[in-house]
Amino acid sequence: MDASALIERKPLDHIQDFQPGDTVTVNLRIVEGDRQRVQAFQGNVISGKHRIAKSPLPGDTFIVRRVSYGVGVERIIPFHSPNVESVKVTRQGKVRRSRLYYLRGLTGKKARIKERR
C-alpha cells in the first residue's frame with residue numbers, strides 16, 4: 001500500500017481544470033502587515049495539471065511562468081495553499097509534453113504556444 005492511498009483527497013472548487021501549456025490567472029492572497037490584498041499572477045503552466053475528477057494530493061504543486069520586463073519569473077504554487085484564492089484558465093495551449101522546461105531557453109516568437117481549439 002502506498003501513502004497516497006491513505007490520504008483523503010479533497011475537491012478544489014476554486015481551481016478550474018488546466019494542463020501544461022495553458023495560460024492561467026492565479027489570484028493570490030498577499031499579507032502585508034495587518035492588511036490583506038489579492039494579487040493576480042498570469043502566465044503559462046509549465047508543469048502540473050488539475051482535473052476536478054481527480055483532486056491533487058496535499059503536497060502537489062504547479063509552476064506558472066511569465067516574462068516580466070524581459071526577465072522570466074516562475075512561481076511554484078501549492079494546490080492546497082490557503083493563499084490561493086482562485087485559478088482561472090484564460091487560454092488553452094496545444095503542447096505535446098507534460099513539462100515545458102524548454103521554454104526557459106526561448107525568447108520572442110519561438111516561446112509562443114499555439115492555442116488549442
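Details of the structure are given in the entry above.
This one's a predicted model, so the numbers in the text were calculated from it and none came from an experiment.

Trainee: Can you help me understand the overall build of the protein in this one?
Mentor: When helices and strands are tallied, the protein shows zero helices and five strands. When the helices and strands of the protein are placed in sequence order, the string is β-β-β-β-β. Principal axes of the C-alpha set define a box for the protein whose edges measure 45 × 45 × 25 Å. Counting across all 117 residues of the protein, residues that qualify as buried make up 31%. Here the contacts in the protein between residues at least 6 apart in sequence split such that 58% fall between residues at least 24 apart. Counting 24 positive and 11 negative side-chain charges, the protein places the centres of these two groups 12 Å from one another.

Trainee: Help me understand the pairing of strand β1 (residues 23–32), please; the structure alone is not making it clear to me.
Mentor: Within a regular strand, side chains alternate between the sheet's two faces. In terms of residue burial, β1 counts as a mostly covered element, since seven of its ten residues are buried. As paired elements, β1 and strand β2 (residues 35–47) share ten bridges and run antiparallel to each other. Residue pairing across strands places L28 opposite Q39, the latter belonging to β2. Counting the residues between successive antiparallel strands, the hairpin from β1 to β2 contains two residues, one of them, G33, with a positive phi of roughly 65°. As judged from the six bridges shared by β1 and strand β5 (residues 84–91), these two strands associate in the antiparallel manner. By the bridge assignment, N27 is partnered in β5 with S86.

Trainee: I'm lost on the side chain of D22 in this one. Help?
Mentor: As for its position among the elements, D22 is in the segment before β1. By relative accessible area, D22 is classed as buried at 2%. For D22, the side chain forms a polar contact with the side chain of R116, separated by 3.2 Å. Sequence-distant contacts of D22, defined by excluding residues within four places in its chain, comprise G43, N44, V45, V89, R91, Q92, G93 and R116.

Trainee: Help me understand the sheet that holds strand β3 (residues 61–68) in this model?
Mentor: Strand pairs in the sheet, formed through backbone hydrogen bonds, run parallel or antiparallel to each other. Reading across from one edge, β4-β3-β2-β1-β5 is the order of the five strands in this open sheet, with antiparallel pairing throughout. Looking at which strands have only one partner, the edges of the open sheet turn out to be β4 (71–78) and β5. Adjacent strand axes in the sheet meet at a mean angle of 40° when their direction is disregarded.

Trainee: So what exactly am I meant to see when it comes to the pattern of salt bridges here?
Mentor: Going through the model one piece at a time under the given rule, you end up with seven salt bridges. R116 serves as the salt-bridge partner of D22, at 3.2 Å between the closest nitrogen and oxygen. Taken together, the residues span a long stretch of sequence, with D22 in the segment before β1 and R116 in the segment after β5 at a distance of 94 residues. For R116, a relative accessible area of 28% translates into the label partly exposed. Of the charged contacts, one joins R35 and E32 as a salt bridge, the two residues approaching to 4.0 Å between their closest N and O atoms. Of the residues examined, E32 reaches a relative accessible area of 34% and is grouped as partly exposed.

Rules behind the numbers
Residues numbered from 1 in each chain as written. Predicted model: local features only at pLDDT ≥ 70, side-chain atom pairs only at ≥ 80, totals over all residues. Heavy atoms only, no water. Helix = DSSP H or I, 4+ residues; strand = E, 2+ residues; numbered from the N terminus. Buried < 20%, exposed > 50% of the residue type's maximum accessible area, 1.4 Å probe, protein only. Contact = heavy atoms within 4.5 Å. Lys, Arg positive; Asp, Glu negative; His and termini not counted. Charge placed at Lys NZ, Arg CZ, Asp CG, Glu CD. Pairing = 2+ DSSP bridges. Polar contact = N/O pair within 3.5 Å; in protein donor to acceptor, adjacent residues only side chain to side chain. Axes fitted to C-alpha atoms, helices over the stretch in contact; angles between N-to-C directions. Salt bridge = Lys/Arg side-chain N within 4 Å of Asp/Glu carboxyl O.

So yeah, pure geometry; function would need other evidence.
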